[in-house]
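# Structural description and commentary
Next come the chains, spelled out residue by residue.
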Amino acid sequence: MMTLYQPEPVEISTRMRPGEWTESSLEELVTTYRARILAMGAKVPEVVTQVTRNDDGSVAVTVTWNKGDYADEPASERPASGEAAAGSTAL
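Computed from a predicted structure; not experimentally measured. Starting from 1, residues in each chain are numbered consecutively following that chain's sequence as written. Only residues with pLDDT of 70 or above have their local features reported here, since the model is predicted, and side-chain atom pairs are shown and tallied only from 80 upward, although totals for entire chains, interfaces and linings are computed over all residues. Excluding hydrogens and water, the side-chain values take into account all heavy atoms of the structure.

## Considering the nonpolar core
Generally speaking, a soluble globular protein has its nonpolar side chains buried in company with each other. Which entries qualify depends on this criterion: Residues grouped as a nonpolar core are buried Ala, Val, Leu, Ile, Met, Phe, Trp, Tyr and Cys residues, joined through side-chain atoms within 4.5 Å. Think of it in three bands: with a 1.4 Å probe and only protein chains considered, a residue is buried below 20% of the maximum accessible area for its type, exposed above 50%, and partly exposed in between. Helix and strand labels come from DSSP, where a helix needs a run of H or I of at least four residues and a strand needs a run of E of at least two; each type is numbered from the N terminus. Contacts are residue-level and defined by heavy atoms, with any inter-residue pair within 4.5 Å sufficient.
Within the largest apolar cluster, 15 residues are counted, with the highest numbers of intra-cluster contacts made by M16, L26, Y33, I37, V51, V59 and V61. Broken down by secondary-structure element, the contributors of at least two residues to this core are strand 1 (10-16), helix 1 (23-39), strand 2 (47-53) and strand 3 (59-65). Considering every element that reaches this core, the biggest residue donor is helix 1, with 5 residues. Sequence-distant contacts of M16, defined by excluding residues within four places in its chain, comprise W21, L26, L29, S58, V59 and V61.

## A short note on the pattern of salt bridges
Here is the rule we go by: By definition, a salt bridge exists where a carboxyl oxygen of Asp or Glu is found within 4 Å of a side-chain nitrogen of Lys or Arg.
The full count for this structure, using the stated rule, is 2 salt bridges. A salt bridge links E20 to R17; the shortest N-O distance between them is 3.4 Å. Looking at R17, the relative accessible area reads 58%, which means it is exposed. Of the charged contacts, one joins E23 and R53 as a salt bridge, the two residues approaching to 2.8 Å between their closest N and O atoms. Placement of E23 in helix 1 and of R53 in strand 2 is noted, with a sequence separation of 30 residues between them. For E23, a relative accessible area of 45% corresponds to the partly exposed category.

Written out as structure tokens, the structure is:
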């Protein structure tokens, strides 16, 4: 019998002001965040990356591990790795 566990997502995120980042440093940051989530045990399809570029030149980065409803059940019907919500840009 499967036991329901708390499928709360693990998230690493930050916001950077204009001038605090470059395309290169942003890509490096996203790669680092994804590597940290994967090191925690996430599978690649469970990792969602969202990069939101704001009109003022700032950027928000969120990398999330969305877990399934059961500990031994694979995640399903979630955005694929790197897929972002509307209004944002994924790297």
